[in-house]
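This is what each chain is made of:
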Amino acid sequence: VQFASLMAFGPIAAVATGPLNGYITQRLSPRNAMLVNTGAQTALGLVLPALYLGKILNFWTLLVSSIANGWRISSTTNTDAIYVQEFGGKHFNVVTTILAITYSLMTFYLGNVFHIGQFIDKSAMLLPFWIQSAAGVLLLPLILMTIPNTAVKAARKTAAAAASFGTTVAGFVRKYWK
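Cut-offs used in this document
The numbering scheme is per chain: residues are counted from 1 as the chain's sequence reads. This being a predicted model, a pLDDT of at least 70 is required before a residue's local features are given, and a value of 80 or more before pairs of side-chain atoms are given or counted; all residues contribute to the totals for chains, interfaces and linings. Values shown for side chains rest on all heavy atoms present in the structure; no hydrogens or waters enter the calculation. Numbered from the N terminus, helices here are DSSP runs of H or I no shorter than four residues, and strands are runs of E no shorter than two. For each residue, the accessible area found with a 1.4 Å probe, counting protein chains only, is set against the maximum for its type, and the residue is called buried under 20%, exposed over 50%, and partly exposed in between. Residue contacts are defined here by distance: any two heavy atoms, one from each residue, within 4.5 Å place the two residues in contact. All accessible-area figures derive from a Shrake-Rupley calculation using a 1.4 Å probe, and residue coverage is judged against the displayed protein chains alone. Pairs were defined over the aromatic rings of Phe, Tyr and Trp, the Trp ring being its six-membered one, requiring ring centres within 6.5 Å. Orientation was assigned from the angle between planes: stacked under 30 degrees, edge-to-face over 60, tilted for the rest. Criterion for a charge above a ring: Lys NZ or Arg CZ within 6 Å of the ring centre, and within 35 degrees of the ring normal. Confidence of the prediction at every residue is given by pLDDT, a number between 0 and 100. For patches, a residue must show more than 30% relative accessible area and have no salt bridge; joins then use 9 Å for like charges and 5 Å for nonpolar side chains, namely Val, Leu, Ile, Met, Phe, Trp and Tyr. Take a side-chain nitrogen of Lys or Arg and a carboxyl oxygen of Asp or Glu: if they are within 4 Å of each other, that pair is a salt bridge. Note on geometry: axes are C-alpha line fits, over the in-contact stretch for helices, and angles between N-to-C directions span 0 to 180 degrees. Throughout, a crossing is termed right-handed when the near helix is turned clockwise from the far one, and left-handed when it is turned anticlockwise from it by less than a right angle. When residues are grouped by polarity, Ala, Val, Leu, Ile, Met, Phe, Trp, Tyr, Cys and Pro land in nonpolar, Asp, Glu, Lys and Arg in charged, and all others, Gly among them, in polar.

Peer 1: So what's going on with the overall build of the protein chain? Residues and values would help.
Peer 2: Helix and strand counts for the protein chain come out as 8 helices and 0 strands. Along the protein chain, helices and strands appear, N-terminal first, in the series α-α-α-α-α-α-α-α. Each of the 178 residues in the protein chain was classed as buried or not, and the buried ones make up 25%. Long-range pairs, those at least 24 residues apart, make up 85% of the contacts in the protein chain with a sequence separation of at least 6. Counting only carbon and sulfur atoms, one obtains 72% of the accessible surface of the protein chain, whose full area is about 12100 Å².

So this is what it looks like as structure tokens:
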């Protein structure tokens, strides 16, 4: 039951916080949204090994981490959806297809060709967390230096045209709840 709870609450947090994350992401600049997501990912990559090494990793700390990671995945997905659409413009479908293929190929090659999972299982259990945190520490200043802190046109249009949450829910219910 505890394992099932851990497995369920991360995705539940992602789904539950999706609309709020979209709302927040639309009001942030791309740089600030990426900084928040990268900072959260870096923090999670540092906290879990610290809890493990401190011997305080238990069901409750894993549950909180699972919920936090679900929120982070939802926030990152919303950020990607909004800003890839803006930056990709008329080539949005091509850009998203290339990103999906790249992710699939990386997963396939790292898992099936290079057997990274077996290496990590046998010798370097905390290595993915350290790599994730190191990448985040390197990316945070890179994001600050290279991405301008400006609002995105699509976010401004969406914010200007957005209805209240209650109106949106009511419209959804009228349209799909028959």
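After that view of the structure, there is still more to cover.
Peer 1: Explain the side chain of Asn21 to me, and be specific about the residues and the numbers.
Peer 2: You can see Asn21 is positioned in helix α1 (residues 2-27). Looking at Asn21, the relative accessible area reads 3%, which means it is buried.

Peer 1: Please set out the packing of aromatic side chains residue by residue, giving values where relevant.
Peer 2: Aromatic ring pairs are reported here in terms of the distance separating the ring centres and the angle at which the planes meet. Taken as a whole and assessed by the stated rule, the structure comprises 2 aromatic pairs. Ring geometry for Phe59 and Trp60: centres 4.8 Å apart, planes at 80°, overall edge-to-face. Judged by relative accessible area, which is 17%, Phe59 ranks as buried. Seen in terms of ring centroids, Phe108 and Tyr109 are 5.3 Å apart; in terms of plane orientation they differ by 80°. Their pairing is edge-to-face. Using a relative accessible area of 39% as the deciding quantity, one classes Phe108 as partly exposed. Here the basic side chain of Arg27 rests over the ring of Tyr23, its NZ or CZ set 3.8 Å away from the ring centre.

Peer 1: Run through the confidence of the model for the protein chain, naming residues and quoting values.
Peer 2: When pLDDT is averaged along the protein chain, the result is 83, and 88% of the positions lie at 70 or above. Long-range and interchain partners of residues 159-163, a stretch whose pLDDT sits below 50, account for 3 contacts in this model, where long-range means more than four residues apart.

Peer 1: For a nonpolar patch on the surface, give the residues involved together with the corresponding values.
Peer 2: On the surface, a cluster of nonpolar side chains totalling about 830 Å² of accessible area is made up of Ile101, Leu105, Met106, Phe108, Tyr109, Leu110, Val113, Phe114 and Ile116. The biggest single contributor to the nonpolar patch is helix α4 (residues 92-113), with 7 residues. Assessed through its relative accessible area of 56%, Phe114 is described here as exposed.

Peer 1: Just give me the short version of the packing of α1 against helix α3 (residues 59-88), but keep the residues and values in it.
Peer 2: Close contact between α1 and α3 brings their axes to 6 Å; oriented N to C, the two are set at 35°. The handedness of the crossing between α1 and α3 is right-handed. Split by residue class, the contact of α1 with α3 holds 11 nonpolar, 15 polar and no charged.

Peer 1: Give a description of unusual backbone geometry that names residues and reports values.
Peer 2: Of note in the backbone geometry, Lys55 takes a positive phi value of approximately 60° without being a glycine. By the secondary structure assignment, Lys55 is in the loop between α2 (30-53) and α3.

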